[in-house]
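So you can see what is in the structure, the chains are spelled out below.
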Amino acid sequence: MRDTERFFCADAARDRGDPIIGTAPYGLVWVLIEYRGGWPVNGFDGLDLPPGVKALLFASAQAVKARVLLIRRHGRRRREGPKRWAVLRYDGSGAHRQQWGTWNRDEDLAEVARALGTPGEPGAPGQPGASGEPGLPPVVLVCTHGQHDTCCAVRGRPVGRALNERWPDLVWECTHVGGDRFAANVVVAPDGVYYGGLDAGSSVEVVGEHLAGRVHAEHLRGYTDLPPPQQAAVAALLGRFGPAGRHDYTVAGTSRLGAHWLIRVIGHRPRPTAYDVEVRVHRAPPHQLTCHGPAMSSAAVYEVTSIRIV
């Protein structure tokens, strides 16, 4: 088949105008494992590790609902020295915890399982010093998992290059994070913020704003501690009233009647304000949503129908 006839899910999604808001998968804990070889199509699950080590790490991650991602530095797959691992935790308060270690032998990864059962070092939002608080900066993850989906590599690698040039110590390429059709996808962890539809230029702007404490509605897929309707409600407020910090809005209550949700959100700037945001959920027509998936799927769409100050 000629290249002109190939299907690219991200191109198709942009042509259709697929909304990205409300598409961030749930997650509060991330396990990152540096792996410099080729990434299997199913990521960590496909690594040839001793069965006991893999089972121990998998069980420990499953117990805390952690997402396990393989990571690597952009353009540094042949780098020498120990490989790194990390356990990143979001606690919902604006701070987070991180644990980092190194591994040479497969058996060393048992340390990751032990780390999942202990608290890590506290970190602060933004870059070191940006918030005036001590701690570790967040990690910027760029999905470039071409074995899983072609668009993740085609669109993700230029973004990984651009971000690496700007923040080489913060940025890692990673395996599948979900939402292939929204490539290039960037996850800031453990802040728990998903961005999508990025290119090299927009990614530097979006991540720079995020690290400065300003989350914009454009390119935001959602916050991973919120279910999709709440993600849509917060994004609508960001779109209406402008960028805000990760914790400037708090969901105070949610009710549902059929396909309609009513989300009560408290804004904390410059003074507390309550908003009632109505969200309607419906299904989009079936489409092929990934490059390699032949099956047609119908995605949920979260549409904000009203915002009322209460």
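Each value, and the rule that gives it
Residues numbered from 1 in each chain as written. Predicted model: local features only at pLDDT ≥ 70, side-chain atom pairs only at ≥ 80, totals over all residues. Heavy atoms only, no water. Phe/Tyr/Trp six-rings, centres within 6.5 Å; stacked < 30°, edge-to-face > 60°. Helix = DSSP H or I, 4+ residues; strand = E, 2+ residues; numbered from the N terminus. Buried < 20%, exposed > 50% of the residue type's maximum accessible area, 1.4 Å probe, protein only. Lys NZ or Arg CZ within 6 Å of the ring centre and 35° of its normal. Pairing = 2+ DSSP bridges. Right-handed = clockwise from strand over helix to strand, strands pointing away.

### Considerations on the packing of aromatic side chains
Link 1 in the chain: All told, the structure shown has 3 aromatic pairs when counted by the stated rule.
Link 2 in the chain: Taken together, a centroid distance of 5.2 Å and an interplanar angle of 40° make the contact between Phe 241 and Tyr 275 tilted. A residue pair is termed long-range when its members are at least 10 positions apart, and Phe 241 in helix 6 (residues 228-241) and Tyr 275 in strand 13 (residues 273-283) qualify at 34 residues.
Link 3 in the chain: Assessed through its relative accessible area of 7%, Tyr 275 is described here as buried.
Link 4 in the chain: Taken together, the ring pairs connect Phe 241, Tyr 249 and Tyr 275 into an aromatic cluster.
Link 5 in the chain: A cation sits over an aromatic face here: Arg 72 above Trp 39, 3.6 Å from the ring centre.
Link 6 in the chain: Here Arg 73 stacks its cationic end above the ring of Trp 172, 3.7 Å away from the centre of that ring.

### Some points on the pairing of strand 7 (residues 171-174)
Link 1 in the chain: With burial as the criterion, each face of strand 7 is covered, one bearing Val 171 and Glu 173 and the other bearing Trp 172 and Cys 174.
Link 2 in the chain: Bridge count for strand 2 (residues 67-72) against strand 7 is 2 bridges, and the pairing is antiparallel. Residue Arg 72 lies in a different strand from strand 7, and its bridge partner there is Glu 173.
Link 3 in the chain: Relative to strand 7, strand 6 (residues 139-143) is paired through 4 bridges, and the arrangement is parallel. Pairing of Val 142 across the sheet is with Glu 173, part of strand 7.
Link 4 in the chain: Handedness of the crossover is the feature at issue here: the chain leaves strand 6, passes through helix 4 (residues 150-166), returns alongside strand 7, and the resulting connection is right-handed.

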